[in-house]
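Here is how the chains run, residue by residue.
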Amino acid sequence: MTGWGLIGASTIAREWVIGAIRATGGEVISVMSTSAERGALYATENSIGKSVTSVEDLVGDPDVKAVYVSTTNELHREQTLAAIRAGKHVLCEKPLAMTLEDARDMVVAAREASVVLATNHHLRNAAAHRAMRDAIAEGRIGRPIAARVFHAVYLPPHLQGWRLERPEAGGGVILDITVHDADTLRFVLNDDPAEAVAISHCAGMGKAGLEDGVMGVLRFRSGVIAQFHDAFTTKFAETGFEVHGTEGSLIGRNVMTQKPVGTVTLRNAEGESLLPLDPANLYETALAAFHAAIEGNGQPSATGEDGVWSLATGLAVVKAAATGHAVAIETGL
């Protein structure tokens with residue numbers, strides 16, 4: 001059984017990741033919060049044996065073999081590197097870091113230390129997106145030409161905070177949601193983005209100049225163009241993911257979500273049919289792959305390199321929206 005430490009007493013850990021760790025054979029040993037009171041309460045509420053107030057105390061625990069980092073974005077690099085230096089495997093929230101140089105440093109450090117570094121891109125674990133990827137690979141829609149992602153949602157009050165108020169922490173919809181679009185598109189299309197154009201705005205929720213909505217287009221190396229709309233402000237929108245090819249289309253509905261829900265319709269000359277989906281928990285799928293990877297069996301579902309790609313795409317979208325010009329997407333990997 002793998003012992004885990006949580007860096008950050010976060011909502012996502014409480015709602016999704018702690019349960020997924022336990023369901024896939026792991027044990028949560030310790031949680032780190034800079035607030036001793038918050039950490040102790042969190043540990044009690046989530047049946048965690050230890051709470052500490054420093055990263056050093058958490059990664060220095062010999063019972064902790066893997067670490068989940070879910071603090072605000074500007075803290076990811078140093079906390080991840082501290083865990084890697086201590087010989088711990090790391091599952092880090094997206095985006096991996098605030099800059100590409102920092103994200104690449106994390107990947108290199110993990111490689112040199114022979115530990116697993118994974119990015120918590122949950123959507124590539126959804127049955128809907130795996131079915132779409134398989135259908136494309138099987139040629140069921142011919143050659144992909146274009147894609148569309150609808151990922152405009154309403155950010156609930158208990159998650160608003162820093163995402164809408166703190167540019168220095170990596171707030172804003174692009175580094176929170178667009179990076180997920182980028183990773184899911186890369187996964188489903190089995191292709192890498194090459195260029196971004198975008199326009200962002202603030203519809204009233206974002207503060208301190210932070211964008212709460214963005215629309216744009218990514219051009220992929222194969223020539224596929226992908227439209228995306230991301231927002232924190234739309235209370236009644238439906239999410240979706242579409243891929244259109246020379247011989248058919250895949251229409252995913254309600255699939256850009258943490259829950260194992262949604263449908264995928266294959267539409268071609270023969271008519272319409274629903275793809276069969278196995279509604280498995282996305283985070284349990286991710287943690288099962290992570291646990292296998294640290295045992296030497298395969299890779300995590302989203303690697304550190306995948307996290308560099310999604311960050312590079314998000315930063316390109318930020319720059320494209322700021323400048324009004326197309327921006328090349330480069331990772332330096």
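Residues numbered from 1 in each chain as written. Predicted model: local features only at pLDDT ≥ 70, side-chain atom pairs only at ≥ 80, totals over all residues. Heavy atoms only, no water.

Under an unreviewed UniProt entry, the chain has the name 1,5-anhydro-D-fructose reductase (1,5-anhydro-D-mannitol-forming) and belongs to Ensifer adhaerens.

### Quick notes on the sheet that holds strand β6 (residues 117-119)
Pairing in this open sheet of 6 strands is parallel, and the strands run β3-β2-β1-β4-β5-β6 from one edge to the other. Edge positions in the open sheet fall to β3 (50-52) and β6, since each of these has one partner strand only. Strand-to-strand, the axes of this sheet are offset by a mean angle of 25 degrees, without reference to chain direction. As paired elements, strand β5 (residues 89-92) and β6 share 3 bridges and run parallel to each other. Looking at the pairing, C92 lines up with T119 of β6. (Pairing = 2+ DSSP bridges. Helix = DSSP H or I, 4+ residues; strand = E, 2+ residues; numbered from the N terminus. Axes fitted to C-alpha atoms, helices over the stretch in contact; angles between N-to-C directions.)

### Points about helix α9 (residues 282-294)
For α9, built from 13 residues, the straight-helix expectation of 18 Å at 1.5 Å per residue is met to within 8% by its first-to-last C-alpha distance of 19 Å. Residues of α9 that are buried sit in contact with β1 (2-7), α1 (11-23), β2 (26-32), β4 (66-69), β5 and β6. The opening residue of α9 is N281, an N-cap whose side-chain oxygen sits 2.9 Å from the backbone nitrogen of Y283. Once α9 finishes, G296 follows within two positions and takes phi at roughly 90 degrees, a positive value. (Expected span 1.5 Å × (residues − 1). Contact = heavy atoms within 4.5 Å. Polar contact = N/O pair within 3.5 Å; in protein donor to acceptor, adjacent residues only side chain to side chain.)

### What about the environment of K50?
Positionally, K50 belongs in strand β3. For the pair K50 and A40, spaced 10 residues apart in sequence, the C-alpha to C-alpha distance is 7.8 Å. Discounting chain neighbours no more than four positions away, the residues touching K50 are I29, S30, V31, A43, D61 and D63.

### Quick look at the environment of M205
Mapped onto the secondary structure, M205 falls in the loop between β8 (193-201) and β9 (213-220). Separated by 135 residues in sequence, M205 and S70 have C-alpha atoms that sit 23 Å apart. Those residues in contact with M205 that lie beyond four places of it in its chain are Y154, L155, Q160, L164, D212, F232 and T233.

### Topic: the packing of aromatic side chains
Given two aromatic rings, one states the distance between the centres and the angle between the planes to describe the pair. Throughout the structure, instances matching the rule amount to 2 aromatic pairs. Aromatic pair W4 and F290: ring centres 5.2 Å apart, planes at 45 degrees, arrangement tilted. Highlighted residues: W4 in strand β1 and F290 in helix α9, separated in sequence by 286 residues. Residue F290 is classed as buried on the basis of its relative accessible area, which comes to 1%. The cationic tip of R133 hangs over the ring face of F187; the distance from NZ or CZ to the ring centre is 4.5 Å. Here the basic side chain of K235 rests over the ring of Y154, its NZ or CZ set 5.1 Å away from the ring centre. (Phe/Tyr/Trp six-rings, centres within 6.5 Å; stacked < 30°, edge-to-face > 60°. Buried < 20%, exposed > 50% of the residue type's maximum accessible area, 1.4 Å probe, protein only. Lys NZ or Arg CZ within 6 Å of the ring centre and 35° of its normal.)

### Some details on the sheet that holds β9
Strand order in the open sheet made by the 9 strands is β14-β13-β12-β11-β7-β10-β9-β8-β15, with mixed pairing throughout. The sheet is open, and its two borders are formed by β14 (271-274) and β15 (327-328), each paired with just one other strand. As judged from the 7 bridges shared by strand β7 (residues 144-152) and strand β10 (residues 225-231), these two strands associate in the parallel manner. Within β10, the residue paired with A147 across the bridge is A226. The strands touched by helix α6 (residues 127-137) within the sheet are β7, β11 (240-245), β12 (248-253) and β13 (263-268), with β11 carrying the most contacts at an inclination of about 5 degrees. Each of β7, β8, β9, β10 and β11 touches helix α8 (residues 173-189); the most contacted strand, β10, lies at about 150 degrees to it.

### Section: empty space enclosed by the protein
In this structure the tally under the stated criterion is 1 cavity of 30 Å³ or more. When its volume is computed, the largest cavity comes out at roughly 50 Å³. In this structure, the largest cavity is lined by L91, A118, T119, N120, H121, H122, N125, A286, F290, P300, S301 and A302. Residue composition of the lining of the largest cavity, by class: 6 nonpolar, 6 polar and no charged. (1 Å grid on protein atoms, 1.4 Å probe; cavity = no way out; pocket = protein on both sides within 12 Å on 5 of 7 lines; lining within 4 Å. Points joined across faces, edges and corners; volume = space filled by probe spheres on them. Nonpolar A, V, L, I, M, F, W, Y, C, P; charged D, E, K, R; others polar.)

### Quick word on the pairing of β13
Alignment of β12 against β13, held across 6 bridges, turns out to be antiparallel. By the bridge assignment, G248 is partnered in β13 with N268. Looking at chain direction, β13 and β14 are connected through 4 bridges and run antiparallel. Directly across from L266, in β14, lies its bridge partner S273. Where β13 folds back on β14, the antiparallel hairpin that results is connected by 2 residues.

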